[in-house]
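# Structural characterization, general
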Amino acid sequence: MPPRPRARVPLHPRLAHAAVPLLFVLLCVLGAIAGHITPLFLIREMLARFARNAVLVLSLLVPILAGLGLNFGIVIGAMAGQAAAIVVTLWGVRGIAGFALAWVLAAPIAVVLGIATGWLFNRARGREMVSGLIAGFFANGAYQLVFLFAVGSLIPFHAREVLLPQGFGLRNTIDLDGIQYAVDDLIPLRVVLEGSSVRVPLATFAIIGLFCALNLFFQRTKLGQELRAMGQDPHVAAIAGIPIERNRVIATVISTVFAAWGQLFFLQNLGTLNTYSSHEQVGMFSIAALLVSGATVTRATVGQAILGTLLFHTLFVVSPIAGRVLLGDAQIGEFFRVFVAYAVISVALVLHAWQKGSRKSSS
Amino acid sequence: MVVEAAAPAERAGALETLREQLREVGIPRLVIGVFLLALFGIAVATHMDLRGLITDSLLRVARNGLLVLALLPAIQGGLGLNFGLPIGIVCGLVACVITLNAGMAGWPALGLTALIGAALAVPAGIGYGWLLNRTRGQEMMVGTYLGFAVVSGMSIFWTMAPFHNSLLVWAIGGRGLRTTLTLAGFYDRLLDKLWSFPIAGVSIPTGTLLVFAAACALVGLFFRTRAGLTIAAARSNPRFARAAGISDERTRVQATVFSTVLAAVGIVVFCQSYGFVQLYTAPLLMAFPAVACLLIGGATVSRASLTHVVVGTLLFQSILTVALPVTSQVIQGDITETARLIIQNGMILYALTRRGER
């Protein structure tokens, strides 16, 4: 790929791009100072949290490249991942084999759901984001229908110990100890920090690195270039003979599959599955994490995904502690971080629509 | 020969009118209507307390009506489905807390609460409308997330706000509003009980229904006045309107303010009937059922009428009320919440993906 000619960006927008991450760094530092948080504590927390969330955030990149915007539908992919985790746990396949099996099982489910979501996005051109959000809610209903009502009544099911007392429906929490740390401990490494041993999930980091490389490689393939062209100008891309609708579905499928796999990373680190709520906030937190790096609705890079995950989850660790120390109430810090997540997304959406609008009126 | 030739054409014509009528009623409305009838059928067949079911349904229709109605001005103004309803709702909630904190009760309290809510909603609506003018084409997404941000930001406000009435704040610590405030002894069910009368065992919440009807009439009348017609005209053809000296930026803000004010008053009426004021995350998802009501009534993203509001609220709220007691006879566990998620969001998705409606 020839290097893209770098447009001369005026100082003001460039500063605006860096303003968001800088503001976040400032917030994190102030919070850390206020909460008397030591760097070592932060590092220990971030090692786990980064391993948990990075792939989910990376799953957002392809749809942005294709001009679909922020894929709020990754919640659907996360559900596919959870379904696979449940099945693997019931079959009693443990360790890395169990995790690998979960990946294999999750992929076809995610492909089917991704095709459905992509079809939906094609029907709702120009409203992909709000449709993705609502599709996530809708899928949540369908998910509940399957796992809260159909399992054990319509779908024969023998493992009584994970069923609710009424005889059907899965329990609210499922212990995933079979696959917990399956990847994290593949290359076991402990570092002693401040006298306590800290798990360093080397293998997980390696796979995250692989996902980054895959994303970068994908952008250089023919399909990746087609998606980029579509993202820049769908009309021109259509005239150039790019099968837009098909490519949009493919982009959604890739994102959904990545999200399913990402959710499995999340679960294997956490070790328990909240059957009916683990997936709910995946979309919001992943998207907020991507956006705090200065990424926008139309432009996001691998580096931004990594930076955003680090920054956002630092704030996540810091804000309840800072809230407790400053205001005597950890609850306020928790409210604050949820508020920040929503506010960051709102601001990004407003800026996106604003710029698009002004470009239209100036042309 | 001539007569014979006319017959198939006539039949085709009849088929066409049937299809036309079907389109007029709308497939979703038909399906939901049949579903509701089936639920009532089961209720009758299993000798359930039909009067109680109808009473509850009516109550919920009256309670939620204003919030559904609040969506209408936004669609009339060309802003699409106003997922930013929580912005207005939060204004109403602040008003509730203010009058409760002052210890007011009875009719003056209810009236003043609605008034304060409306007053707060005006600047909020102006700001929201201004922002929506700058984010054309993405109003629904911006509205949704702005609503989420406002509700979560207000969570901080509820914990920090300087309210000290011991009935409202947590007993331990003496700071931060409780998640649910009871209205018992203040203006609990005041409108519901006003001129309420039983008819064939069904008690009618006359006051709340009257408020809903009056608000509908008011909105209907407003869109016949000069200001209302201007809003509708600017929506249907902004360029033509501009040529006639109407700025659609202005009318869109007006529509947003109207919608926000209705939402603020709507939540006050809702709380009055419900008997509790719910703070913190309670308003977060309130826009979605309201939007689903309107859509089930037959509205689209760009077109809605008072009939859609009334029919939709009747259908959806009745289903939500009747479904739980009826299905619980057949299925253990609460399937209503799941059914609500599917119907509500399926309906919104259907509306968002309709072709030729943008």
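Residues numbered from 1 in each chain as written. Chains lettered and ligands numbered in written order. Predicted model: local features only at pLDDT ≥ 70, side-chain atom pairs only at ≥ 80, totals over all residues. Heavy atoms only, no water.

Moving on to the overall build of chain A. Per the secondary structure count, chain A includes 13 helices and four strands. Against the globule reference of 21 Å for 363 residues, chain A gives a C-alpha radius of gyration of 21 Å, in line with a compact fold. Along the three orthogonal principal directions, the C-alpha set of chain A runs to about 65 × 50 × 35 Å. Here chain A holds 363 residues, and the buried ones make up 54% of them. Sequence-distant contacts, at least 24 apart, represent 74% of the contacts inside chain A between residues at least 6 apart. For chain A, the exposed area adds up to about 16,100 Å²; of that, 68% sits on carbon and sulfur atoms. The distance from the centre of the 26 positive side-chain charges to the centre of the 14 negative ones in chain A is 12 Å. (Helix = DSSP H or I, 4+ residues; strand = E, 2+ residues; numbered from the N terminus. Rg over C-alpha atoms; globule rule 2.2 N^0.38 Å. Buried < 20%, exposed > 50% of the residue type's maximum accessible area, 1.4 Å probe, protein only. Contact = heavy atoms within 4.5 Å. Areas by Shrake-Rupley, 256 points an atom, 1.4 Å probe, with all protein chains shown as cover. Lys, Arg positive; Asp, Glu negative; His and termini not counted. Charge placed at Lys NZ, Arg CZ, Asp CG, Glu CD.)

Let's shift gears to the confidence of the model for chain B. Residue and element names in this part refer to chain B. Mean pLDDT over chain B works out to 86, with 94% of the residues at or above the 70 mark. Confidence drops under a pLDDT of 50 for residues 1-6, and excluding neighbours within four residues, the segment shows zero contacts in the predicted structure. Among the prediction metrics, the complex's ipTM stands at 0.85, with pTM recorded as 0.88. (pLDDT = per-residue confidence, 0-100.)

Right, let's talk about the interface of chain A and chain B for a bit. Counting residues at the interface gives 42 residues for chain A, matched by 46 residues for chain B. It is Arg123, Arg127 and Tyr342 of chain A in chain A that bury the most area against chain B; as a group they hold 18% of the surface buried on that side. Seen at the junction of chain A and chain B, the total is zero salt bridges. Residue assignment for the side of chain A that touches chain B shows that the elements contributing at least two residues are helix H5 (95-123), helix H6 (128-150) and helix H13 (330-362) of chain A. Across the side of chain A that touches chain B, the residue classes tally to 28 nonpolar, nine polar and five charged. (Buried area = accessible area lost by both parts, 1.4 Å probe. Salt bridge = Lys/Arg side-chain N within 4 Å of Asp/Glu carboxyl O. Nonpolar A, V, L, I, M, F, W, Y, C, P; charged D, E, K, R; others polar.)

What follows concerns helix H8 (residues 222-232) of chain A. Buried within H8 of chain A are the following residues: Gly224, Glu226, Leu227, Arg228 and Met230 of chain A. Close packing links the buried residues of H8 of chain A with helix H3 (61-65), helix H7 (202-220), helix H9 (234-239) and helix H10 (244-270) of chain A.

Okay, the side chain of Glu226 of chain A next. All names here are of chain A. Checked against the element boundaries, Glu226 lands in helix H8. Judged by its relative accessible area of 11%, Glu226 falls in the buried class. Side-chain polar atoms of Glu226 contact the side chain of Asn247, separated by 2.7 Å. Not counting chain neighbours up to four residues away, the residues in contact with Glu226 comprise Ile242, Pro243 and Asn247. (Polar contact = N/O pair within 3.5 Å; in protein donor to acceptor, adjacent residues only side chain to side chain.)

At a minimum axis separation of 8 Å, H6 of chain A and helix H15 (residues 336-352) of chain B run at an interaxial angle of 150°. What the angle tells us is that H6 of chain A and H15 of chain B run roughly antiparallel. Judged by the sense of rotation from one axis to the other, the crossing of H6 of chain A with H15 of chain B is left-handed. (Axes fitted to C-alpha atoms, helices over the stretch in contact; angles between N-to-C directions. Parallel < 35°, antiparallel > 145°, perpendicular 65-115°, else oblique. Left-handed = near helix turned anticlockwise from the far one by under 90°.)

Our next topic: a nonpolar patch on the surface. All names here are of chain A. Where nonpolar side chains cluster on the molecular surface, the patch consists of Ile96, Leu186, Ile187, Leu189, Val191 and Leu202 and spans about 440 Å² of accessible area. Locating Val191 in the fold gives a position in strand E2 (residues 190-193). Taking the relative accessible area as the measure of exposure, Val191 reaches 33% and is therefore partly exposed. (Patch = residues over 30% accessible without salt bridge, like charges linked within 9 Å, V, L, I, M, F, W, Y side chains within 5 Å.)

Within the largest apolar cluster, 199 residues are counted, with the highest numbers of intra-cluster contacts made by Leu170 of chain A together with Leu69 of chain B. When neighbours within four sequence positions are excluded, Leu170 of chain A is seen to be in contact with Ile86, Phe147, Leu148, Val151, Phe157, Val162, Leu163, Leu164, Thr275 and Tyr276 of chain A. Counting 12 residues, the second-largest nonpolar core is a separate cluster that includes Val62, Phe121, Ala237 and Ala251 of chain A. (Core = buried A, V, L, I, M, F, W, Y, C linked by side-chain atoms within 4.5 Å.)

It is worth spelling out the pairing of E2 of chain A at this point. Residue and element names in this part refer to chain A. Here four bridges tie E2 to strand E3 (residues 196-199), and the two strands are oriented antiparallel to one another. Among the inter-strand pairings, Val191 is bridged to a residue of E3, identified as Val198. With antiparallel pairing between neighbouring strands as the criterion, E2 and E3 make up a hairpin whose turn holds two residues, including Glu194 at a positive phi of roughly 50°. (Pairing = 2+ DSSP bridges.)

Time to look at the packing of helix H4 (residues 74-91) of chain A against H10 of chain A. Residue and element names in this part refer to chain A. At a minimum axis separation of 7 Å, H4 and H10 run at an interaxial angle of 50°. With respect to their mutual orientation, H4 and H10 come out oblique. For the pair H4 and H10, the sense of crossing is right-handed. Across the interface between the two elements, Ile74, Ile76, Gly77, Ala78, Ala80, Gly81, Gln82 and Ala85 from H4 touch Ser255, Thr256, Ala259, Ala260, Gln263, Leu264 and Leu267 from H10. A per-class count over the contact of H4 with H10 returns nine nonpolar, six polar and no charged.

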